[in-house]
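The primary structure of each chain is shown beneath.
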Amino acid sequence: EAFDVVVVGSCMTDLVSQTPRLPKAGETIHGHKFFIGFGGKGANQCIQAARLGVKTTMICKVGKDFFGDAYIQNFKDNNVSTDFVWQTSDAATGAASITVNDAGENAIVIVAGANMLLGGDELQKALPAIRKAKVLVCQLEINPQTSLQALQMARDNKVKTVFNPAPAIPDLDYNFYKVSDVFCCNESEAELLTGFSVNNVEGAHRASQELLSRGCGAVILTLGPQGCVVLKAQEKTSTHVPSTAVAAVDTTGAGDSFIGALAFYLAVHPTMTLEEMAGRANQVASVSVQTSGTQTSFPFRQDLPAKLF
Ligand code: RIB
Ligand code: NA
């Protein structure tokens, strides 16, 4: 079976508290609401791509527990193939403690659990799907070596690769850049990776030049309400792709909505310019920030203007 978008990555149960502000160290504060949702950057990205209308499969590992069973059902409900979803009794399904303040900003602690047990054996079993994919997407919520190996397998088979170095690690192996057709990160990840400050479009231009020089095919640096900056290897200067302003309720997973949409466009419109894809992905992600939750806020194709397709 052939899938357009293959995601090798994480599944997390999101435990979300809405609070007036983020607590300080040692502090207890009252929140106004608590809910449990399906999250994890890998699964979020896969589900956004699926909701836009491409065939997707997720290569991942969850626990043999209640949350793992529920997650598998969530994939089925969202039309994501579960052929390569493994369950282990050696660790619990990944969990994310998320605090969202009244400004829609968040702070997240993840315990990756079963996600860390996805490895080379599973990738080998999924090789037939990786080979036939149009796009493969990876992040850093699983063992980094597994992500790197998956990206390398895709590259060896001429499958387009999107790498989202999230959450970022300071000494990221340079091989990650070399196997990435599109290297897509946000401001804070770019700061951590480059040591440059990225608090405006100017800073983003400079950081994207540095990231590109490390060997990827293109860089997309997302800037929240300011849209993103796109820089391609064939070009000297980066382009700022602005986004239209919306009232943010919950920005959790907006970056994942963006990357899922980007993977969709790369698979369906491979000749479209990366700037055009990024502009459209900005619009998809901006829908997600206007309602609370992660996957619960990700739009379906029918919720979006036809001109985005
Ligand atoms: O990017 C948002 C995601 O990060 C959340 O769903 C949470 O699970 C964490 O992994
Ligand atoms: Na949201």
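Preceding this paragraph is the structure being described.
Keep in mind it's a predicted model, so treat the numbers as computed, not measured.

The rules behind the values
- Residues numbered from 1 in each chain as written.
- Chains lettered and ligands numbered in written order.
- Predicted model: local features only at pLDDT ≥ 70, side-chain atom pairs only at ≥ 80, totals over all residues.
- Heavy atoms only, no water.
- Donors = N, O, S within 2.8 Å, 3.2 Å for Na, K, Ca; no water.
- Buried < 20%, exposed > 50% of the residue type's maximum accessible area, 1.4 Å probe, protein only.
- 1 Å grid on protein atoms, 1.4 Å probe; cavity = no way out; pocket = protein on both sides within 12 Å on 5 of 7 lines; lining within 4 Å.
- Points joined across faces, edges and corners; volume = space filled by probe spheres on them.
- Helix = DSSP H or I, 4+ residues; strand = E, 2+ residues; numbered from the N terminus.
- Nonpolar A, V, L, I, M, F, W, Y, C, P; charged D, E, K, R; others polar.
- Near = heavy atom within 4 Å.
- Polar contact = N/O pair within 3.5 Å; in protein donor to acceptor, adjacent residues only side chain to side chain.
- Areas by Shrake-Rupley, 256 points an atom, 1.4 Å probe, with all protein chains shown as cover.
- Sits in = over half its atoms within 2 Å of the grid points.

**Digging into the coordination of the sodium ion (ligand 2)**
Then, number 1: Taken together, Asp-250 (O), Ser-288 (O), Thr-291 (O), Gly-293 (O) and Ser-297 (OG) make up the full set of protein donors to the sodium ion (ligand 2), lying 2.4 to 2.7 Å away.
Then, number 2: For the sodium ion (ligand 2), the single-chain donor residues occur in sequence as D-x37-S-x2-T-x1-G-x3-S.
Then, number 3: On the basis of relative accessible area, Thr-291 is assigned to the partly exposed category, the value being 41%.
Then, number 4: The exposure class assigned to Ser-297 is buried, which follows from its relative accessible area of 4%.

**Some details on empty space enclosed by the protein**
Then, number 1: Counted by the stated rule, this structure contains one cavity of 30 Å³ or more.
Then, number 2: Each pocket or cavity is described by its volume, and for the largest cavity that value is around 50 Å³.
Then, number 3: Asp-14, Val-16, Phe-35, Gly-37, Phe-38, Gly-293, Thr-294, Gln-295 and Thr-296 together form the lining of the largest cavity.
Then, number 4: If you list the elements that add at least two residues to the lining of the largest cavity, you get strand S2 (12–18) and strand S3 (33–39).
Then, number 5: In terms of residues, the lining of the largest cavity owes the most to one element, S3, which gives three residues.
Then, number 6: Residues that form the lining of the largest cavity fall into these classes: three nonpolar, five polar and one charged.

**A closer look at the site of ligand 1**
Then, number 1: Taken together, 14 residues form the shell around ligand 1, and within it Asp-14, Gly-40, Lys-41, Glu-141 and Asp-256 come nearest.
Then, number 2: A distance of 2.9 Å separates an oxygen atom of ligand 1 from a polar atom in the backbone of Gly-40.
Then, number 3: Note that an oxygen atom of ligand 1 is positioned 3.1 Å from one of the side-chain N or O atoms of Asn-44.
Then, number 4: Considered on its own, ligand 1 offers 280 Å² of accessible surface; in the complex 97% of this is hidden by protein.
Then, number 5: Among the detected pockets, ligand 1 sits in the largest pocket.
Then, number 6: Secondary-structure elements contributing two or more residues to the shell around ligand 1 are S2, helix H1 (41–52), strand S7 (94–100) and strand S8 (106–111).
Then, number 7: Within the shell around ligand 1, the residues separate by chemical class into five nonpolar, five polar and four charged.

**Comments concerning unusual backbone geometry**
Then, number 1: Between Ala-166 and Pro-167 the backbone carries a cis peptide bond, its omega angle lying at -5 degrees.
Then, number 2: Position of Pro-167 relative to the elements: it lies in the loop between strand S10 (160–163) and helix H5 (175–178).
Then, number 3: Of note in this structure, Asn-79 is not a glycine but carries a positive phi near 65 degrees.
Then, number 4: On the secondary structure map, Asn-79 appears in the loop between helix H2 (66–77) and strand S5 (80–81).
Then, number 5: Exposure remark for Asn-79: the relative accessible area of 66% places this residue in the exposed category.
Then, number 6: Of note, Lys-158 is a non-glycine position whose phi angle comes to about 60 degrees, a positive value.
Then, number 7: Relative to the helices and strands, Lys-158 is located in the loop between helix H4 (144–156) and S10.

**Focus on the layout of surface pockets**
Then, number 1: Approximately 1,200 Å³ is the volume attributed to the largest pocket.
Then, number 2: Taken together, 49 residues make up the lining of the largest pocket; nearest its centre are Asn-106, Asn-186, Thr-251, Ala-254 and Gly-255.
Then, number 3: Contributing elements (two or more residues each) for the lining of the largest pocket: S2, H1, S7, S8, strand S11 (182–186), helix H6 (187–194), helix H8 (254–268) and helix H9 (274–288).
Then, number 4: For the lining of the largest pocket, the element with the highest residue contribution is H8, accounting for five residues.
Then, number 5: Partitioned by chemical class, the residues of the lining of the largest pocket number 23 nonpolar, 19 polar and seven charged.
Then, number 6: Empty space within the second largest pocket amounts to approximately 190 Å³.
Then, number 7: Classifying every residue of the lining of the second largest pocket by side-chain character gives six nonpolar, three polar and three charged.

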